[in-house]
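Listed below, chain by chain, are the residues.
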Amino acid sequence: MKMFPNELVLPPRTIFRKRAVVDLFKECAVFGKRGVLVHGRSFLASGAFQNIAETGMSDVAVKTWQHPGGEPTLHQLEVLLSEARAHHAEWIAGVGGGSVIDLAKACAGLLEATRPPVAYHDGAAISTSKIPFLVAPTTAGTGSEATVVCVLTNSETNVKKSFRHPSFMARLVILDPELLAGSPPEVIAHSGMDAFTQAIESYVSTGATWFSDQFSLKALSMIFSSIRAVFENSYSDKKDDLLAGSYLAGLALSNARLGIVHGLAHPLGARYHVPHGLACAVCLPHAIKFNHDAMGVKYTIMSETIGGDLFLETNRMIEDFNIRSPFAGQSILGEDRIIEETLASGSAAANPRKVTETDVEYLLKQIFAG
Ligand SMILES: [Fe+2]
């Protein structure tokens, strides 16, 4: 196994501290006076914004932009970009869940780009971005705060996919566990299952290295040992471990890629308008079964790490979190396109077992069985 990937991309600075988010604008001011803060719907009501604004609002000229909700789209990014350009933003900050972070990251990454976002979504070469991006996740999570990847949906074609550039990496990641407090159990379960899936998929990916394995395994153990407590009570001190585990899974996936769960979750999520973490949770047991032999000794190591059989424990989590499949019993809409998009994804390409058209067809049949 290789020690390192060909290129290591890591956040240059991460602050992990309770209430660290109150220093956000002070940190932003280092990069310039004018900026945009992208946030989610619950952010203003949570009181977090008032706390941030009290400390350092005078140093910056901030335009706030609220993500309207749902999975992030290219259209939302276009609106955000035009407002950020009109504001002459010198930096972009994102405080929110994965959707908010991906939109804010893409806004910073493409603020000075010459073509519309759809061109880059379709594969056009991305130039190096000089716009600083600062981030504080409020869920644990997609791990997007630790990656150079943006996952967005083209709502005209229903194609959900990622685009990336090393310069998209956040200049500053603020991990403030207090931001998780008050999250609904459903959000903790869905985003936590995404992080759990990412720890597993990055660990067994064909792009895994000794370096990424350290993050993947630690993430797996931290997420597994904390998620139930935070699901039951989002004020639990275990949220520190869940947030750290999610961040570590992000570091791992950013340097190792993912697997078939993410290959399937993107086309399914876009068509059925299912939250990403929920799609991951539902696909995960089928993928673990499918990949069992190809995972080899790593399956045993993961089971030992969580103190139980990986497949059984995954199913137990799904049951404990009352996760119901939104796909079960439904008909598979546009199956050929779903198969095509799954096979075209970088995630499917990094799956430990080679994935064929027949395999995706089989997995879809399992996932949609009533
Ligand atoms: Fe994910």
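Preceding this section is the structure that the text describes.
These numbers come from a predicted model, not from an experiment.

Asker: Account for empty space enclosed by the protein, naming residues and giving values.
Answerer: Any space left empty among the atoms is revealed by the rolling of a water-sized probe across them. Taken as a whole and assessed by the stated rule, the structure comprises one cavity of 30 Å³ or more. Counting residues per element, the ones that place at least two in the lining of the largest cavity are α7 (185-204) and α11 (276-295). Among the elements that line the lining of the largest cavity, the one with the most residues is α11, at five residues.

Asker: A description of the packing of α7 against α11 should follow, citing residues and the corresponding values.
Answerer: Where α7 meets α11, the closest approach of the two axes is 8 Å, and the angle between their N-to-C directions is 25°. On the basis of their axis angle, the class for α7 and α11 is roughly parallel. Regarding α7 and α11, the two cross each other, and that crossing is left-handed. Contacts between α7 and α11 involve H190, M193, D194, F196, T197, Q198, I200 and V204 on the former and, on the latter, H276, G277, L278, C280, A281, L284, I288 and M295.

Asker: Go over helix α16 (residues 357-368), please, and point to the residues and values.
Answerer: Over its 12 residues, α16 extends 17 Å from the first C-alpha to the last, a length consistent with the 16 Å expected when each residue adds 1.5 Å. Of all the residues in α16, the buried ones are D359, V360, L363, L364, I367 and F368. One side of α16 holds all its buried residues, which, seen down the axis, span an arc of 155°. Those residues of α16 that are exposed and angled more than 90 degrees off the buried face are T358 and K365. Tucked into the core, α16 has its buried residues touching α10 (260-272), α11 and α14 (335-344).

Asker: I'd like a description of the pattern of salt bridges, backed by residues and values.
Answerer: Per the stated rule, a full pass over the model turns up 14 salt bridges. Among the salt bridges present, the one from R17 reaches D23, with a minimum N-O distance of 3.4 Å. Its relative accessible area of 40% is what places R17 among the partly exposed residues. Its salt-bridge partner being D213, residue K298 comes within 3.0 Å of it at the nearest N-O pair. Placement of K298 in helix α12 (residues 297-306) and of D213 in helix α8 (residues 210-232) is noted, with a sequence separation of 85 residues between them. Given a relative accessible area of 15%, K298 falls into the buried group.

Rules used throughout
- Residues numbered from 1 in each chain as written.
- Predicted model: local features only at pLDDT ≥ 70, side-chain atom pairs only at ≥ 80, totals over all residues.
- Heavy atoms only, no water.
- 1 Å grid on protein atoms, 1.4 Å probe; cavity = no way out; pocket = protein on both sides within 12 Å on 5 of 7 lines; lining within 4 Å.
- Points joined across faces, edges and corners; volume = space filled by probe spheres on them.
- Helix = DSSP H or I, 4+ residues; strand = E, 2+ residues; numbered from the N terminus.
- Axes fitted to C-alpha atoms, helices over the stretch in contact; angles between N-to-C directions.
- Parallel < 35°, antiparallel > 145°, perpendicular 65-115°, else oblique.
- Left-handed = near helix turned anticlockwise from the far one by under 90°.
- Contact = heavy atoms within 4.5 Å.
- Expected span 1.5 Å × (residues − 1).
- Buried < 20%, exposed > 50% of the residue type's maximum accessible area, 1.4 Å probe, protein only.
- Arc of directions from axis to C-beta.
- Salt bridge = Lys/Arg side-chain N within 4 Å of Asp/Glu carboxyl O.

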